[in-house]
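So the chains spell out like this:
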Amino acid sequence: MKEPQSVSRKTVLLMAIATGIIVANLNFIQPIEGLIANDFHLSKAIVGVLAMLTQMGYAVGLLLIVPLGDIFDRYHLIQFMMVLSIISLLAAFMSPNAIVFAIATTLIGITSVAPQIIIPYAGFLAPAMQRGKVLGTVLSGLLTGILLSRSFSGLLGSVINWQYIYLIAAIMDLILLLVVHQAMPRDPRGHQNLSYANVIKSLPRLFTTQRRLRGSSLNGFTMFAVSNVMWSTIAFYLADQYHLGSNVAGLLGLLGIAGVLAAPYIGDLVDHRSPRLTIGLSVFFSSLAFLLFWLIGHWLIGLIIGIVLLDLGTQFSQVSNQAIVQSLNRKESSRNNSIFMFSYFLGGSLGTLSATWAWSIAKWNGVCLVAVVFLVIALLGHLVLKEPEKLHD
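Read on for an overview of the structure. For clarity, every value in this text was computed on a predicted model and none was experimentally measured. (Residues numbered from 1 in each chain as written. Predicted model: local features only at pLDDT ≥ 70, side-chain atom pairs only at ≥ 80, totals over all residues. Heavy atoms only, no water.)

1. Quick notes on the pattern of salt bridges
This is how it is decided: Salt bridge, as used here: a side-chain nitrogen of Lys or Arg that lies within 4 Å of a carboxyl oxygen of Asp or Glu. When accessible area is computed with a 1.4 Å probe and restricted to protein chains, residues below 20% of their type maximum are described as buried, those above 50% as exposed, and intermediate ones as partly exposed. Per the convention used, a helix needs a DSSP run of H or I reaching at least four residues, while a strand needs a run of E reaching at least two, with both numbered from the N terminus.
In this structure the tally under the stated criterion is four salt bridges. Across the salt bridge formed by arginine 74 and aspartate 70, the nearest N and O atoms sit 3.6 Å from each other. For aspartate 70, a relative accessible area of 2% translates into the label buried. A salt bridge links aspartate 240 to lysine 363, with the shortest nitrogen-to-oxygen separation between them at 3.2 Å. Remark: lysine 363 occurs in helix H16 (residues 333-385) and aspartate 240 occurs in helix H11 (residues 234-242); sequence separation between them is 123 residues. By sharing partners, the salt bridges in this structure join Asp70, Arg74 and Arg335 into a single network.

Okay, here's the thing in structure tokens:
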């Protein structure tokens, strides 16, 4: 397959914006968990399960839907998934009880996978020596969406009924759908002569035969788990330690702007230095963050510095791993991304569940201890599986 020569800045910007707006659907629930618990008369542990369902749904979508990007025209597939996502958001808005909301939030996770079709598409369109930078820019859009979704949700949840957050999100996604329909580039591959069954059956083979994919999957699993350990319990900690509400939890999400700004530069480091270096930095920054959370998290300044470091660590991991995964066989890019992101969000859902459970038993000390377990696994993976020193020979 011929190597692409360039991809326009306009296309990269559109892809970054699209990934950010769509991925936001997954994170609206985190700052408003307390509001949902009060409205539906649920315990904090149960509302943590609702947040986990969104991420588990996303993991299912990653495993069963994202590989379709290796079969179908990505231009049309992205739009089809956006339509399903809008319907799921409307279902969450209209949910009369916790059971219906649980179903809706699971469907939001399953249908909001368009960003993970867009990311390998960006890697496919970008030339090899620019792939890290292009992916870094698109992923900065992804992280911006995650950060702003927390702030958006937390702030709106303090002034309007939390259900309206999902209605507003559906309207935003509809507007984005119209823009994508007009401006997203057509897929030059068209429809591929592959069967869905064979594509799905190939996933275990791709995982077992590609050491780089296994290493990225393990690192993504542990590092996103670590991120969600903090973000799934921060609202509880703020209420318990500082008597602050969901609006402050949302504002703290804005601290991750450091990771957004750093993403293109991380991509440059991956392209021109070493993904092994940047993966090592991801483990270092996240470990330092939780050391601060544990030792001085009871002071607001310690919490703030720790959040900045944690988001930097998450972004170093995400950009580095995506560059590694998208450097593999371009014909299998959607399937490789599916495996990686399935591991990523499986880790995120396990981090959410274990952190809310640990909070119910040992509060903040228990949360930090859970993070340490994931960080030790990440370090062992880094030392044993050994990410590549260079992506381009």
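That covers the picture; the talk isn't over yet.
2. What to know about the nonpolar core
This is how it is decided: Definition of nonpolar core: a set of buried residues of the types Ala, Val, Leu, Ile, Met, Phe, Trp, Tyr and Cys, connected through side-chain atoms within 4.5 Å. Pairs of residues are marked as contacts when any of their non-hydrogen atoms sit within 4.5 Å.
The biggest cluster of nonpolar side chains holds 115 residues, and the ones touching the most others in it are Phe290, Phe293 and Leu303. For this core, the element with the highest residue contribution is H16, accounting for 15 residues. Leave out the neighbours within four places in its chain, and phenylalanine 290 touches Val226, Val229, Met230, Leu310, Cys368, Ala371 and Leu375.

3. Observations concerning the environment of isoleucine 117
Tracing the backbone through its elements, the reader meets isoleucine 117 in helix H6 (residues 114-125). Since its relative accessible area comes to 0%, isoleucine 117 is described here as buried. Separated by 221 residues in sequence, isoleucine 117 and serine 338 have C-alpha atoms that sit 8.7 Å apart. Setting aside anything within four residues of it in sequence, one finds isoleucine 117 in contact with Val66, Arg74, Leu77, Ile78 and Met81.

4. Here's the deal with the packing of aromatic side chains
Inclusion rule: Planes of paired rings set the category: under 30 degrees apart is stacked, over 60 is edge-to-face and the rest tilted, where pairs are Phe, Tyr or Trp rings (Trp by its six-membered ring) whose centres lie within 6.5 Å.
The tally for this structure, following the rule as stated, stands at 19 aromatic pairs. Between phenylalanine 236 and tryptophan 359, the ring centres sit 6.2 Å apart and the planes meet at 40°, which makes this aromatic pair tilted. Within this pair, whereas phenylalanine 236 is found in helix H11, its partner tryptophan 359 is found in helix H16, the two being separated by 123 residues in sequence. Just as phenylalanine 236 is buried, tryptophan 359 falls in that class too.

5. A few points about the side chain of glutamine 79
We count it as follows: Any pair of N or O atoms that falls within 3.5 Å is considered a polar contact. Within protein, one atom must be able to donate a hydrogen and the other to accept it, and sequence-neighbouring residues count only if both atoms are side-chain atoms.
Relative to the elements of secondary structure, glutamine 79 occurs in helix H4 (residues 74-93). For glutamine 79, a relative accessible area of 9% puts it in the buried group. A polar contact is formed between the side chain of glutamine 79 and the side chain of histidine 181, at a distance of 2.8 Å. Look past the residues within four positions of glutamine 79 in its chain and what remains in contact with it is Leu177, Val180 and His181.

6. What to know about the packing of helix H3 (residues 44-64) against helix H5 (residues 98-111)
Let me state the cut-off plainly: Axes here refer to lines fitted to C-alpha atoms; in helices the fit is confined to the stretch in contact. Angles between the N-to-C directions go from 0 to 180 degrees. By definition, turning the near helix anticlockwise from the far helix through less than a right angle yields a left-handed crossing, and turning it clockwise yields a right-handed one. Each residue is assigned to one class: nonpolar for Ala, Val, Leu, Ile, Met, Phe, Trp, Tyr, Cys and Pro, charged for Asp, Glu, Lys and Arg, and polar for all the others, Gly among them.
The contact between H3 and H5 brings their axes to 6 Å, and the two run at 35°. Taken as a pair, H3 and H5 cross one another with a handedness that is right-handed. Here Leu50, Leu53, Thr54, Gly57, Tyr58 and Gly61 of H3 come into contact with H5, specifically with Ala98, Phe101, Ala102, Thr105, Thr106, Gly109 and Ile110. Residues that form the contact of H3 with H5 fall into these classes: seven nonpolar, six polar and no charged.

7. Thoughts on the side chain of aspartate 70
Assignment of secondary structure puts aspartate 70 in the loop between H3 and H4. Only 2.8 Å separates the side chain of aspartate 70 from the side chain of arginine 335, close enough to count as a polar contact. Those residues in contact with aspartate 70, other than ones at most four positions away along the chain, are Arg189, Gln192, Leu194, Lys331, Glu332, Ser333, Ser334 and Arg335.

8. A word on H6
Put simply, the rule reads: Given the number of residues in a helix, its expected span is that number minus one, multiplied by 1.5 Å.
For H6, built from twelve residues, the straight-helix expectation of 16 Å at 1.5 Å per residue is met to within 8% by its first-to-last C-alpha distance of 16 Å. Counting buried residues in H6 gives twelve out of twelve residues, a clear majority hidden from the surface. Residues of H6 that are buried sit in contact with helix H1 (9-23), H3, H4, helix H7 (131-157), helix H15 (300-326) and H16.

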